[in-house]
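# Per-entry structural report
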Amino acid sequence: MLRDLSQADWPRRAGLAALTTALGAENIRWVGGAVRDGLLGVAVHDVDCATILMPAEVIASCGKASIRTVPTGIEHGTVTAILKDGPVEITTLRRDVATDGRRATIAFAKDWPEDAARRDFTINAMALELTTDNPELVDPFGGAVDLISRVLRTP
């Protein structure tokens, strides 16, 4: 059985709330290990988010909110926000332009499903949307069922 993420503590961290306000809840989704671990009821330490904002917009919006950023992987769309309760990697949505099966040439995108489809496993394609008081799990490829079943599948 998976844990109800509306009861999870990690999305309510002060730093994450400030980051959500700075970037706009409608512009981000929490992704990766935090979602997976949260569903499993495991302590969440590493928090990442995906965004429709371009890296320069992320840096500018964080700057206006006095959140320090580091361009950790700017060519891939990743900026790290330095928060009191831990760093958060913020990555602009991407789509594959070309791939050799291992590495991809990417372009920035605005399409959530397209970005989720390029993730390695269905359990990593899940996201948590916080645009309402009740966090909503976005699970386009059945990652939650795979997590319960302990199955690894590609999207």
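Refer to the structure above for everything that follows.
Figured I'd write up the structure that's included with this text. Worth saying up front: this structure is predicted, and the values here are computed from it rather than measured.

### Some thoughts on the overall build of the protein chain
Along the protein chain, the regular secondary structure elements total five helices and nine strands. Reading the secondary structure of the protein chain in the N-to-C direction produces α-β-α-β-α-β-β-β-β-β-α-β-β-α. In terms of overall size, the protein chain behaves like a compact globule, its C-alpha atoms giving a radius of gyration of 15 Å where 155 residues would be expected to give roughly 15 Å. In the protein chain, which comprises 155 residues, the share counted as buried stands at 46%. Taking the contacts inside the protein chain whose residues are at least 6 apart along the sequence as the reference set, 53% of them involve residues at least 24 apart. Total accessible area on the protein chain stands at roughly 8,200 Å², and carbon and sulfur atoms take up 52% of it. Taking the average location of the 17 positive side-chain charges in the protein chain and that of its 21 negative ones, the two points are 4 Å from each other.

### Here's the deal with the packing of aromatic side chains
We describe a pair of aromatic rings using the distance from one ring centre to the other and the angle between the two ring planes. All chains considered together, the criterion is met by one aromatic pair. Between Trp-10 and Trp-30, the ring centres sit 6.4 Å apart and the planes meet at 85°, which makes this aromatic pair edge-to-face. Pair noted here: Trp-10 is in the segment before helix 1 (14-23) and Trp-30 is in strand 1 (residues 28-31), with a separation of 20 residues, a long-range link. With relative accessibility at 5%, the residue Trp-10 sits in the buried group. Judged by relative accessible area, which is 1%, Trp-30 ranks as buried. One Lys or Arg, Arg-29, reaches over the ring of Trp-112 and ends 4.4 Å from the middle of that ring.

### Here we look at the side chain of Thr-78
You can see Thr-78 is positioned in strand 4 (residues 78-82). Within polar-contact distance, the side chain of Thr-78 engages the side chain of Thr-91 at 2.9 Å. The contacts of Thr-78, once residues within four sequence positions are left out, are Pro-71, Thr-72, Gly-73, Glu-89, Ile-90 and Thr-91.

Basis of the calculations
- Residues numbered from 1 in each chain as written.
- Predicted model: local features only at pLDDT ≥ 70, side-chain atom pairs only at ≥ 80, totals over all residues.
- Heavy atoms only, no water.
- Helix = DSSP H or I, 4+ residues; strand = E, 2+ residues; numbered from the N terminus.
- Rg over C-alpha atoms; globule rule 2.2 N^0.38 Å.
- Buried < 20%, exposed > 50% of the residue type's maximum accessible area, 1.4 Å probe, protein only.
- Contact = heavy atoms within 4.5 Å.
- Areas by Shrake-Rupley, 256 points an atom, 1.4 Å probe, with all protein chains shown as cover.
- Lys, Arg positive; Asp, Glu negative; His and termini not counted.
- Charge placed at Lys NZ, Arg CZ, Asp CG, Glu CD.
- Phe/Tyr/Trp six-rings, centres within 6.5 Å; stacked < 30°, edge-to-face > 60°.
- Lys NZ or Arg CZ within 6 Å of the ring centre and 35° of its normal.
- Polar contact = N/O pair within 3.5 Å; in protein donor to acceptor, adjacent residues only side chain to side chain.

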